[in-house]
Amino acid sequence: AALRDAEIRKDVQDYYGQTLKKSADLQTNACVTPARPVLKHVGEALRNVHEEVALRYYGCGLVIPERLENCWVLDLGSGSGRDCYALSQLVGEKGRVTGIDMTRGQVEVAKKYLDYHMEKFGFQTPNVTFVHGYIEKLGEAGIKDESYDIVISNCVVNLVPDKQQVLQEVYRVLKHGGELYFSDVYASLELPEEVRTHGVLWGECLGGALYWKDLANFAKNIGFCPPRLVTANLITIQNKELERVVGDCRFVSATFRLFKLPKTGPAERCQVIYSGGITGHEKELIFDANFTFKKGELLEVDEETAIILKNSRFAEDFLFQPIAEKPPASGACPVLEAKDIITDPFQLAGQPDAVKSSCVPDAAGGCCGKKKRC
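Residues numbered from 1 in each chain as written. Predicted model: local features only at pLDDT ≥ 70, side-chain atom pairs only at ≥ 80, totals over all residues. Heavy atoms only, no water.

Named according to an unreviewed UniProt entry, the chain is Arsenite methyltransferase originating from Oryctolagus cuniculus. Regarding the chain, the UniProt comment filed under Sequence similarities (unreviewed entry) reads as follows: "Belongs to the methyltransferase superfamily. Arsenite methyltransferase family." (UniProt positions renumbered as here; feature names shortened; annotations may be inferred.)

**Student:** With reference to specific residues and values, describe the packing of aromatic side chains.
**Tutor:** Per the counting criterion, the structure on display carries 13 aromatic pairs. Between F287 and F314 the ring centres are 5.4 Å apart and the planes differ by 80 degrees, which places this aromatic pair in the edge-to-face class. Note that F287 is positioned in the loop between strand 10 (284-286) and strand 11 (292-294) and F314 in the loop between helix 12 (303-311) and strand 13 (318-321), a separation of 27 residues in sequence. With respect to burial, F287 and F314 carry one shared label: buried. (Phe/Tyr/Trp six-rings, centres within 6.5 Å; stacked < 30°, edge-to-face > 60°. Helix = DSSP H or I, 4+ residues; strand = E, 2+ residues; numbered from the N terminus. Buried < 20%, exposed > 50% of the residue type's maximum accessible area, 1.4 Å probe, protein only.)

**Student:** Outline the pairing of strand 5 (residues 174-187), listing residues and values.
**Tutor:** Taking burial as the measure, the 14 residues of strand 5 include 12 buried ones, the bulk of the element. Relative to strand 5, strand 4 (residues 148-154) runs parallel, the two sharing 6 bridges. Across the sheet, residue N154 finds its bridge partner in strand 5, namely S183. In this fold, the crossover linking strand 4 to strand 5 by way of helix 7 (residues 163-173) has right-handed handedness. Note: strand 5 against strand 6 (residues 210-211), 2 bridges, orientation parallel. In the strand pairing of strand 6, A187 is matched with Y211. (Pairing = 2+ DSSP bridges. Right-handed = clockwise from strand over helix to strand, strands pointing away.)

Here you go:
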């Protein structure tokens, strides 16, 4: 197994360090972000990134979560540094961003433009560091226990044979209340040997894709809260030979959030009101595929959502109050039950855009700040 893991690492390093020179060289859309609206301040941050750094970007999603000011952020598989340099501006000079990647060529590209970006951002002291290392061995790279508020990852966990070890290391380095916010590729079934040993499919982020149900099992075993699905998009393969190899298996690129919370007593449902204080989300906060919080609107949330909001960096952006004893007013929205919550990325990705849009709360939806069941 150790020999096979070493071979996979070597194949991936060669693929990203030598075979791929730009995003156009990819043979599937697994590592290409689908076109979607980008918040104004995030778009400005991305436009400030040097052209060469942006051209060497191979991510499968835009992994920039909310409320980043002054946070310490770790980027797993930072590649050429595109996301790190965007995050550098969003956390501000008092924040900190660390990028780790196992491909020396990518790390060298990222480091090459450090001074360029710090000067462009007007920072007196660099707030970005790049290190060479393996994301399943963060300790060997000098990443300390409980040192980061947020860990992000953009389509790289699938490139590592031991995915549970990656998540275990992330749990170790996150502070209590911290979050893993990551995009990756997932499979609709357990992958057959022919797919798992195919060099190009590994490099294209498909050969090492995790069966999507295994993510929840890993999270539970390690101590994370259950994964919260944010977005999902189906992957297409523009290569007949690769299509033949994968057969009936389908793939999806999906973004999840995993929270590491302190041990507390039993959680209770409660009512919350979003203050609108998060930059770029002044009117509403789309927390995940199931919950959208509108500024100033009262919303009842389930136990799991309540404990996450109360014990994470989002706590100061919400007013919490116990649930009123009286029955809800006529026309009020019912609480989202566990059976209604979307957890399957293939279910979300398979919905037409029109249906997805209809899941977003109606502007005149009264107290309903959550996405309706689709």
